[in-house]
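# A structural walkthrough
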Amino acid sequence: MSSVRPGGVTGNRRVVLTGFGVISSIGIGAEEFTESLRAGRSGASPISLFDVEGFAHVNGCEVKGFDPEQWISRTPVRELGRASRFAVAAAVMALRDAGLDPADLAGRRGLISVGTTDGESYELDRLVAAELADGPERMDPQIVRRVSAARLSTAIAHELDLTDVEAPTIATACSAGNYAIGYGFDAVSSGEAEYALCGGADAMCRKTFTGFYRLGTIAPEVCQPFDVDRKGILTGEGAGLLVLESLESALARGARIYAEVLGYGLNCDAFHQVAPKGDSVAQCMSLALANAGVKPAEVDLISAHGTGTKANDITEAAAIRSVFGADTPRTISLKSMLGHTMGAASALGAIACGLAITHRFIPPTINHRRTDPECEIDCVPNQAVDADLRVVQNNGLAFGGNNAIVILGRYDRDGDIG
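Residues numbered from 1 in each chain as written. Predicted model: local features only at pLDDT ≥ 70, side-chain atom pairs only at ≥ 80, totals over all residues. Heavy atoms only, no water.

### Description of the layout of surface pockets
- Size it by volume and the largest pocket reaches roughly 350 Å³.
- As for the largest pocket, its lining consists of 23 residues, of which Val274, Pro276, Thr309, Asn312 and Phe399 are closest to the centre.
- Listing elements by their share of the lining of the largest pocket, those giving two or more residues are helix 11 (310-324) and strand 17 (391-398).
- No other element matches helix 11, which puts three residues into the lining of the largest pocket. (1 Å grid on protein atoms, 1.4 Å probe; cavity = no way out; pocket = protein on both sides within 12 Å on 5 of 7 lines; lining within 4 Å. Points joined across faces, edges and corners; volume = space filled by probe spheres on them. Helix = DSSP H or I, 4+ residues; strand = E, 2+ residues; numbered from the N terminus.)

Okay, here's the thing in structure tokens:
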């Protein structure tokens, strides 16, 4: 099946998003997540997952009220690390949201791809603490069996009893969710897979919190992207899993379509371990737009990486301006609400973009007082706005210059985008 995307780019199968699984500090499930995005809720609270004694700043964005056994039934929950619990539950949730039964997928070729930054570092933290306190012989074998990052994807396959699948875990740090979505897009578009479950997952851990703290980038209370008085990031956690399938498949079964995946762009500049490179970020945006067959003026909204650090915000805003110029669309940061969910960040961002397209609103950048003059964007401060969104860009930037950007479009039943 051939198709022409907007702008005239010829592809294979058109790929659409039909199910979302969300575990976040501001909501569990697509419905609650949508309500929180529209309301501009904050997930920030004092960290309770690990000992923060001695740190001057102790806020983070923890997932609360999550019962894994509500979603996970085939796999003993004790066998899964915290991040894998998020990933598996979000995958089950996404399939239910898409109206798909795992039994219906059992004989079909599929892809399960989960991006991550830390894998199961929360479990590793616990092992290191035990080793330091009592020696290696006191490390819990049950926790040892949970630490493989590969389980973020393979545990989904096990829980859903899917055997004809490829199940990689993609470790490209904070852009990994978009990497996974791009991988799924290629697999479904080319016909290599009939469906894909893709996204990202991470659990908060002491290692990463401490690393960012020592870099001087942990905010005292809240995250304020693009604000002149911003103080840095808050670490967060969660998972976002998306169901990708061909448009033909979705129409045949009468599925709800949140959005169409128009294309994506990837690059890696290896410029610096932690500092972003503006030219490379701009190039990645141009690659994504070209792959999607979309002109800059056709983009209605950008979900920025928007960490709330000066280096990221100024560099990303300048890169956006260099690509979009006078047509720069509204540019928001979900991290103001969710904190930095690491490998889950761009996956949750893609879900938020799909929900924004479907429900026709733009989530706000909260905690905002005054935009930094060096960030020449409209970040939709503090209040959501209604908007007829047709094309949305989702940015994911990562340490080491690993950039991944996904372009989504609204699907109309007459067969057009937008």
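### A word on the UniProt feature "domain: Ketosynthase family 3 (KS3)" (unreviewed entry) in the protein chain
- Feature annotation in UniProt assigns "domain: Ketosynthase family 3 (KS3)" (unreviewed entry) to the following positions: residues 12-410.
- Within the segment residues 12-410, helix and strand shares are 35% and 20% respectively, and the terminal C-alpha atoms sit 18 Å apart. (UniProt positions renumbered as here; feature names shortened; annotations may be inferred.)

### Topic: the pattern of salt bridges
- Evaluation of the coordinates by the stated rule reveals 18 salt bridges.
- Put simply, Lys207 and Asp118 hold a salt bridge, and the shortest N to O gap is 2.9 Å. In this pair, Lys207 is assigned in helix 8 (residues 206-214) and Asp118 in the loop between strand 7 (110-115) and helix 4 (121-134), connecting sequence segments 89 residues apart.
- For Lys207, a relative accessible area of 44% translates into the label partly exposed.
- Across the pair Glu123 and Arg126 runs a salt bridge whose closest N-O atoms are separated by 3.4 Å. Here Glu123 pairs with Arg126, and both are found in helix 4, just three residues apart, close to one helical turn.
- Accessibility expressed as a relative area gives 2% for Glu123, which makes it buried.
- Note on Arg126: relative accessible area 39%, which makes it partly exposed. (Salt bridge = Lys/Arg side-chain N within 4 Å of Asp/Glu carboxyl O. Buried < 20%, exposed > 50% of the residue type's maximum accessible area, 1.4 Å probe, protein only.)

### Focus on the packing of aromatic side chains
- Tallying each qualifying case throughout the model produces eight aromatic pairs.
- Here Phe20 and Tyr258 contribute two aromatic rings whose centre-to-centre distance is 4.0 Å and whose plane-to-plane angle is 15 degrees, an arrangement assigned as stacked. In this pair, Phe20 is assigned in strand 3 (residues 15-24) and Tyr258 in the loop between helix 9 (247-252) and strand 12 (259-268), connecting sequence segments 238 residues apart. Across this residue pair, the class does not change: Phe20 and Tyr258 are buried.
- Considering the side-chain rings of Phe50 and Phe209, the 5.8 Å spacing of their centres and the 55 degrees angle between planes classify their relative orientation as tilted. (Phe/Tyr/Trp six-rings, centres within 6.5 Å; stacked < 30°, edge-to-face > 60°.)

### A few points about the pairing of strand 18 (residues 402-409)
- With eight of eight residues buried, strand 18 is to be regarded as a mostly interior element.
- Across the two faces of strand 18 the burial is the same, with Asn402, Ala404, Val406 and Leu408 and Asn403, Ile405, Ile407 and Gly409 all buried.
- Across eight bridges, the pairing between strand 12 and strand 18 is antiparallel. When the bridges of strand 18 are listed, Gly265 appears paired with Ile405.
- As defined by bridge partners, strand 17 adjoins strand 18 across eight bridges and the pair is classed as antiparallel. Its bridge partner lying in strand 18, Gln393 is registered against Ile407.
- From the end of strand 17 to the start of strand 18, which pair antiparallel, there are three residues, and Gly400 there has a positive phi angle of about 80 degrees. (Pairing = 2+ DSSP bridges.)

### Things to note about the side chain of Glu159
- Summarising the element assignment, Glu159 is placed in helix 6 (residues 151-160).
- Although buried, Glu159 forms no salt bridge, and the nearest oppositely charged side chain, Arg74, lies 6.5 Å from it.
- There is a polar contact of 2.9 Å between the side chain of Glu159 and the backbone nitrogen of Ser73.
- If near-sequence neighbours (up to four positions away) are discounted, Glu159 is found in contact with Trp71, Ile72, Ser73, Arg74, Thr75, Val88 and Val92. (Lys, Arg positive; Asp, Glu negative; His and termini not counted. Polar contact = N/O pair within 3.5 Å; in protein donor to acceptor, adjacent residues only side chain to side chain. Contact = heavy atoms within 4.5 Å.)

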